[in-house]
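In case you want the letters, here they are:
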Amino acid sequence: MQRLVPLTLLASLLATAAHAAPRQETATVAGLSHPAEIRIDRWGIAHIYAADKRDAFFLQGYNVARDRLWQVDLWRKRGLGLLARDFGPDYVAQDRAARLFLYRGDMEKEWAAYGAGTRDNTEAFVAGINAFIDEITLGKHPLPQEFKVAGTLPDRWSAQDVVRIRSHGLTRNVPNEVGRARIACAAGIEAARLYKNIEPKWEPKLPAGLDPCDVPQEVLTDYDLATRGVRFVPDDGKLAMVEVPPEAVGSNNWTIAGSRTATGRPILANDPHREHSAPSLRYIVHLEAPGFSVIGAGEPALPGVSIGHNGTVAFGLTIFPADQEDLYVYETDDQGRYRYKDGWEPMTRVVEEIAVKGEAAPRKVELSFTRHGPVVHADGAKHRAFAVRSVWGQPGTSAYFGSMGYMTAKDWTGFKTALSDWGAPSENQVFADTKGDIGWVAAGKVPRRAGWDGLTPVPGDGRYEWDGFLTLDELPSLHNPASGWFASANQFNLPADYPYTERKVGFEWSNDARMKRIVEVLSADGKQTLAGSMALQTDPTDVTSRRMQTLLAQMKTDDAKLAAALDLVRGWDGRTDAASPGAALYEVWTTKHLGRTAIARAAPPAAAAIMGNGDIAAVMALLEAPDATLGADPAGARDAILRESLIAAYDEVAGKLGPDPKAWSWGALHQARFDHVLTPRLPTAEREAWSSGTAPMAGTSLSPLAATWRPNDYRVVAGASFRMVLDVGAWDNSRVINTPGQSGQPGDPHFRDLFPLWAKGQYVPLSYSRKAVEDVTETVLKLTPAPGS
C-alpha cells in the first residue's frame, strides 16, 4: 500500500501549482488591524500571514468561519445548551444537561490559568468569527447552505463561550463506575472481572457506606445527554445522539531521536482517533506573524493548534487515561438537603430559561449542585441523589485549551513548564525539537484519592474527598530516553517502579494491542524514516490474532464448518487488510461473539446482561489461563467457548458474504463513509454530495490503523481522520492528511477531496516555508482593514 501520493502524481500536482498563477481575491474586513494575506493551498490548508499575533488569531477565526461555520456554530449551541431554540422542544432535556456541566467559576481565575495573552488571543479569534457572521448579515457572503437546510442562523460569539464549554472534552470513567456498581448489585463486585480490564494489578472494592443497589442505570441520562454529540435523523428531522463506542476514542503518537532516523533528524508522528463525520473534528491551519509561527491541527472552534510544530518544537498528544471524575451518592431529605459529615447541606439551585422553537415563552428549568458538582439524578422516594465531580469544574480545564501555552515553546524546559497547569483531558504529550531533543510528559489534573480507588461510585458524605491534585513532577515523563524513541497508544504506561498504590492515577486503560505493534516496528533494527512512520500509522496488524491462534492451534474437530473456520483463522497473517478473508472472520468473531459467549459462561446471568461483550483484553486473559470462573472443568469450558463463538461468527460472515470463504473480504463488510450531520434531512438524490463517498477499509480498533466499526452494519464509525508525520527541522518534508477535506461546506472543492487519498493510506505535503507555500498556493486572499477598524 502506498503511503504518499505517488511521486509522479505529486510532481505533476506541484508543477501545475507552481506554474499556474493562483487565483487572487481582495476584501476589506471590519476588525482587522493591518493588511494581511491568506494563502489557500491545493489541499485546502489555510496559511495566514498577519502583521501581528492579534491579527493572526483574528484571521484564524475569520477563516474557520469561512470553511466551518455550521460545524462551530453547532458545537457552541450544543455546549451552551441552545439546541432547543433552533430545533424544538425535544431538546430541552439535552440543553438542560449541557448547562449542568458549564464552567461556573470565577472567570478571572479561568483566564489566568491558561497564561498571559490567552484571553486576548481568544477575543481576537471570536472577533474573527463574528466578523464573518456580520458579513453574511450584510449580504457580503451567502448564508451557508447548511443553515438553509436546518432553517437556522449562526450566532455571534463571546470569548468566554470558548472556555466555559466543558462537555465537548473526552470523558472518563463515570459510566464504568455505574456499570461496576450495577454488576456488584446483581452478583457481587468480583463478577465485574470481565467488565473492564484493570491495570496495574488491583482488586476493586466497594467503598464503605455504598449500597451498589442504590445506583440505577438512569443515573447516566443527564451525563450522556451532556457529553455526546448530535446529529439529525430521517423523517422528523429531530436530533439524536451519535453512537460511538468509548473504546473508539484514542490516539497513537511517537517521537524518534535523530540517532534512530535515516536523516539524523527527529521524527514526530500523531494520529488522533475520534468519531467519523463530515467535516471531521480536526482542522489544519498555519499562522504566521512577527515572533509567532505555528502550523498543525486543532479543533476548529478553538484558537491555536494542539498538534503540530512552531518551527523549533514539534508536539503531539494522545489520551493518558487518568481518572478525572467520580460519581457521588447522597442521602437526601425532604427539604432538598444532602447529608454531609455530621449535618445536612442545602443544594445550590439555579433556575435558567431555555428558549424553545415554536413556543412563545422560554421554559424554566432548575439545575442543582452539591459541593462536589452537578446533580445528574435524584430519587425522592428513595432519598438519593447523585452528582458528578470532575476536574472540569476547576479553572483552566477547558479541553485542549492548554495548548495555547506549549505551542510557542522553544525547548524542552519551556514545553514541560507550559504543561504544568494542563487540565483536561489528561494527555501523553510528545515533544521533539530542532536541537535533537525528544521527550514525553503525562499531563493533566489527576485527583489524589487517599484510601479509595475511583472505580465505583462513592458516598458523598465527606469520607471520600479529593486531596488536591498530583503535580506534574508526580506524573511520569521522559527526556531523551536511552531507547531513542517514545510512543503511546492510550495503553497502561506507568513506569514499573511508579508508586501507583499511593498515586492512584487510574486503572482503566486502552487495550495494548496497538502499542505492541508500534513497539515491534520502532524497536526493529535499522533507521526510521518518514515513509516508515506513515506505514506504521496505516498498519492494519491486529497482534491479538497471535494469542488466539495459539489457543486454537491444538484444537481438533470432525465438524466441517468448524474445521473451515479454524483453517481460516490459523492460516491468517494477522493483517486486517481490506481483501483478507481471515480478517473478516477474526474481527467478527472477536468483536461480536467471543466476549459475549465467554461472559455467558463466566458470569451470573444478571451480571452478564450488564456486561454484554465485556472487555476483550480481560476475556482473552481468562481464556489463556482458564480458572474456576468457568466451572469445574475450566479448560473444557474454554474450548467450548472457542468452538461455539467461532462457529457463530462463521455463520454470520457466510450469511453476509456467501458460503465460500475464499470469496470473503474484510472490506466487503468494513467500509468507511463520512456523512454530513444534516444528510438525513436532504432529498435522497442530494445526499451523496454531502458525503465522502464509500470505500472498503482495512484496520480495526486494535490495529495501529484504527478503524472502529459498529456491530449492526460493520460501518467504520471512528478512527484517525487526521494523521501527521513531521520531519523535525526540515519541516517542508512533513506529511499530513485530513479527511474528508478541510472545508465543511458540501460542494466546496475541498469538502471531500482528501478522502480518496486517505482511503488509500496516502498523505500530502504540510508546507511550511514561504517558498513551499507559494509553490502550492491555489488562492490568495488579500485582506485590508475596513475603514474605522
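Residues numbered from 1 in each chain as written. Predicted model: local features only at pLDDT ≥ 70, side-chain atom pairs only at ≥ 80, totals over all residues. Heavy atoms only, no water.

1. Here's the deal with the overall build of the protein chain
Now for step 1: Per the secondary structure count, the protein chain includes 23 helices and 33 strands.
Now for step 2: For the protein chain, whose C-alpha radius of gyration is 26 Å, the value lies close to the compact-globule estimate of 28 Å for 789 residues.
Now for step 3: Projected onto the principal axes, the alpha-carbon positions of the protein chain cover approximately 85 × 70 × 55 Å.
Now for step 4: Counting all 789 residues of the protein chain, 60% fall into the buried class.
Now for step 5: Accessible area for the protein chain stands at about 28600 Å²; split by element, carbon and sulfur atoms hold 51% of it.
Now for step 6: Computing the positive centroid from 85 side-chain charges and the negative centroid from 95, the protein chain places the two 2 Å apart. (Helix = DSSP H or I, 4+ residues; strand = E, 2+ residues; numbered from the N terminus. Rg over C-alpha atoms; globule rule 2.2 N^0.38 Å. Buried < 20%, exposed > 50% of the residue type's maximum accessible area, 1.4 Å probe, protein only. Areas by Shrake-Rupley, 256 points an atom, 1.4 Å probe, with all protein chains shown as cover. Lys, Arg positive; Asp, Glu negative; His and termini not counted. Charge placed at Lys NZ, Arg CZ, Asp CG, Glu CD.)

2. Overview of the nonpolar core
Now for step 1: Within the largest apolar cluster, 135 residues are counted, with the highest numbers of intra-cluster contacts made by Leu-59, Leu-69, Trp-70, Trp-157, Phe-415 and Val-505.
Now for step 2: For this core, the element with the highest residue contribution is helix H2 (residues 53-80), accounting for 13 residues.
Now for step 3: Setting aside chain neighbours within four positions, we find Val-505 in contact with Phe-320, Ala-322, Asp-323, Val-446, Leu-470, Leu-475, Leu-494 and Tyr-498.
Now for step 4: Residues Ala-565, Trp-589, Val-619 and Leu-622 belong to the second largest nonpolar core, which totals 52 residues. (Core = buried A, V, L, I, M, F, W, Y, C linked by side-chain atoms within 4.5 Å. Contact = heavy atoms within 4.5 Å.)

3. Thoughts on the confidence of the model for the protein chain
Caution applies to low-pLDDT parts of the model: their predicted coordinates are not meant to be read in detail.
Now for step 1: Per-residue pLDDT for the protein chain has a mean of 94; in total, 96% of the residues score no lower than 70.
Now for step 2: Of the regions scoring below 50 in pLDDT, residues 1-9 engages in 24 contacts with residues more than four places distant in sequence or in other chains.
Now for step 3: The low-confidence segment residues 14-18 (pLDDT under 50) makes 7 contacts with residues lying over four places distant or belonging to another chain. (pLDDT = per-residue confidence, 0-100.)

4. A few points about the pairing of strand S14 (residues 343-346)
Along any regular strand the residues' side chains alternate between the sheet's two faces.
Now for step 1: Sheet topology note: the strand S13 (residues 337-340)/S14 ladder contains 4 bridges and is antiparallel. Considered in S14, the bridge of Tyr-340 is made with Gly-343.
Now for step 2: Taking the residues between adjacent antiparallel strands as the criterion, S13 and S14 are bridged by 2 residues, where Lys-341 takes a positive phi near 55°. (Pairing = 2+ DSSP bridges.)

5. Some words on the sheet that holds strand S1 (residues 23-29)
Strand pairing in a sheet is mediated by backbone hydrogen bonds. Such pairs are either parallel or antiparallel.
Now for step 1: Pairing in this open sheet of 11 strands is mixed, and the strands run S1-S33-S2-S3-S8-S9-S10-S11-S19-S20-S24 from one edge to the other. In the strand order of this sheet, the two ends are held by S1 and strand S24 (477-479), each with one partner. Neighbour to neighbour, the strand axes of the sheet diverge by 15° on average, direction disregarded.
Now for step 2: Where strand S3 (residues 46-49) meets strand S8 (residues 283-289), 4 bridges bridge the pair, whose relative direction is parallel. Across the sheet, His-47 pairs through a bridge with His-286, a residue of S8.
Now for step 3: This element, H2, spans S1, strand S2 (36-41), S3, S8, strand S9 (292-298) and strand S33 (777-785) of the sheet and lies at about 155° to S8. (Axes fitted to C-alpha atoms, helices over the stretch in contact; angles between N-to-C directions.)

6. Here's the deal with the side chain of Arg-449
Now for step 1: Within the element layout of this structure, Arg-449 appears in strand S21 (residues 447-449).
Now for step 2: A relative accessible area of 3% places Arg-449 in the buried class.
Now for step 3: Within polar-contact distance, the side chain of Arg-449 engages the side chain of Asp-326 at 2.9 Å.
Now for step 4: With near-sequence residues (within four places) excluded, Arg-449 lies in contact with Asp-323, Gln-324, Glu-325, Asp-326, Gly-454, Trp-466 and Lys-504. (Polar contact = N/O pair within 3.5 Å; in protein donor to acceptor, adjacent residues only side chain to side chain.)

7. A word on the pattern of salt bridges
Now for step 1: One pass over the structure, following the stated rule, counts 51 salt bridges.
Now for step 2: One salt bridge connects Glu-366 with Arg-349, and the closest N-O pair in it is separated by 3.5 Å. Of the two residues, Glu-366 sits in strand S16 (residues 363-369) while Arg-349 sits in strand S15 (residues 348-354), which places them 17 residues apart along the sequence.
Now for step 3: For the salt bridge of Arg-547 with Glu-624, the shortest nitrogen-to-oxygen distance reads 2.7 Å. One end of the pair, Arg-547, is in helix H15 (residues 544-552); the other, Glu-624, is in helix H19 (residues 616-624), and 77 residues separate them in sequence. (Salt bridge = Lys/Arg side-chain N within 4 Å of Asp/Glu carboxyl O.)

8. Some words on the environment of Ser-580
Now for step 1: Within the secondary structure, Ser-580 is located in the loop between helix H16 (560-570) and helix H17 (581-602).
Now for step 2: Ser-580 sits in the buried class, given a relative accessible area of 9%.
Now for step 3: It is 9.4 Å that separates the C-alpha atoms of Ser-580 and Ala-663, two residues lying 83 residues apart in sequence.
Now for step 4: Excluding its chain neighbours within four sequence positions, the residues that come into contact with Ser-580 are Trp-572, Arg-575, Trp-664, Ser-665 and Trp-666.
Now for step 5: A polar contact is formed between the side chain of Ser-580 and the backbone nitrogen of Gly-582, at a distance of 3.3 Å.

9. Quick notes on the environment of Gly-402
Now for step 1: Position of Gly-402 among the secondary structure elements: in the loop between strand S18 (384-390) and helix H11 (403-406).
Now for step 2: Distance from Gly-402 to Gly-506, taken between C-alpha atoms, is 22 Å for residues 104 residues apart in sequence.
Now for step 3: When sequence neighbours within four positions are dropped, the list of residues in contact with Gly-402 reads Tyr-114 and Trp-422.

10. Thoughts on the environment of Ser-721
Now for step 1: Here Ser-721 lies in the loop between strand S29 (716-719) and strand S30 (722-727).
Now for step 2: Along the chain, Ser-721 and Ala-563 lie 158 residues apart, while their C-alpha atoms are 38 Å from each other.
Now for step 3: Contact partners of Ser-721, with chain neighbours within four places excluded, come to Pro-272, Ser-280, Phe-674, Ile-737, Asn-738, Thr-739 and Trp-758.

11. Observations regarding the sheet that holds strand S12 (residues 325-331)
Now for step 1: One open sheet accounts for 4 strands, arranged S17-S18-S12-S22; its pairing is mixed. What marks the edges here is a single partner per strand, and that holds for strand S17 (375-379) and strand S22 (458-459).
Now for step 2: Against the sheet, helix H9 (residues 174-187) engages S12 and S18, with an angle of about 50° to S12.

12. Let's talk about helix H4 (residues 92-100)
Now for step 1: Most of H4 is tucked away: 7 of the 9 residues are buried.
Now for step 2: Those residues of H4 not exposed but buried are Val-92, Gln-94, Asp-95, Ala-97, Ala-98, Arg-99 and Leu-100.

13. Considerations on the packing of H16 against helix H20 (residues 634-657)
Now for step 1: For the pair H16 and H20, interaxial distance at closest approach is 10 Å and the crossing angle is 90°. Regarding the angle of H16 to H20, the classification is roughly perpendicular. Mapping the contact onto sequence places Lys-561, Leu-562, Ala-564, Ala-565, Leu-566 and Val-569 in H16 and Arg-643, Leu-646, Ile-647, Tyr-650 and Asp-651 in H20.
Now for step 2: Taken together, the residues of the contact of H16 with H20 sort by class into 8 nonpolar, no polar and 3 charged. (Parallel < 35°, antiparallel > 145°, perpendicular 65-115°, else oblique. Nonpolar A, V, L, I, M, F, W, Y, C, P; charged D, E, K, R; others polar.)

14. Section: the pairing of strand S19 (residues 427-433)
Now for step 1: Buried residues dominate S19, accounting for 7 of its 7 residues.
Now for step 2: Residues Glu-427, Gln-429, Phe-431 and Asp-433 line one face of S19 and the alternating positions Asn-428, Val-430 and Ala-432 line the opposite face, and both faces are buried.
Now for step 3: Here strand S11 (residues 313-319) pairs with S19 via 7 bridges, running antiparallel. Residue pairing in the sheet places Phe-315 in a bridge with Phe-431 of S19.
Now for step 4: Sheet analysis places S19 next to strand S20 (residues 438-443), joined by 6 bridges and oriented antiparallel. Within S20, the position partnered with Gln-429 by the bridge is Val-441.
Now for step 5: From the end of S19 to the start of S20, which pair antiparallel, there are 4 residues, and Gly-436 there has a positive phi angle of about 105°.

15. Re the packing of H15 against H19
Now for step 1: Orientation of H15 relative to H19, taken along the N-to-C sense of each, is 30°, at an axis distance of 11 Å. The angle between H15 and H19 places the two elements in the roughly parallel class. For the crossing formed where H15 meets H19, the hand is left-handed. Contacts from Thr-544, Arg-547, Met-548 and Leu-551 of H15 reach H19 at Ala-617, Met-620, Ala-621, Leu-623 and Glu-624.
Now for step 2: When the residues that make up the contact of H15 with H19 are grouped by side-chain class, the tally is 6 nonpolar, 1 polar and 2 charged. (Left-handed = near helix turned anticlockwise from the far one by under 90°.)

16. What about the packing of aromatic side chains?
Now for step 1: Applying the stated rule across the entire model yields 31 aromatic pairs.
Now for step 2: Consider the rings of Phe-101 and Trp-392, whose centres lie 5.6 Å apart with planes at 85°: the pair is edge-to-face. Of the two residues, Phe-101 is situated in the loop between H4 and helix H5 (107-112) and Trp-392 in the loop between S18 and H11; the sequence distance between them amounts to 291 residues.
Now for step 3: Judged by its relative accessible area of 6%, Phe-101 is buried.
Now for step 4: With relative accessibility at 6%, the residue Trp-392 sits in the buried group.
Now for step 5: With a centroid separation of 5.1 Å and an interplanar angle of 70°, the aromatic rings of Phe-315 and Tyr-406 are classed as edge-to-face. With Phe-315 in strand S11 and Tyr-406 in helix H11, this pair connects stretches of sequence that are 91 residues apart. The pair Phe-315 / Tyr-406 is uniform in exposure class, with both members buried. (Phe/Tyr/Trp six-rings, centres within 6.5 Å; stacked < 30°, edge-to-face > 60°.)

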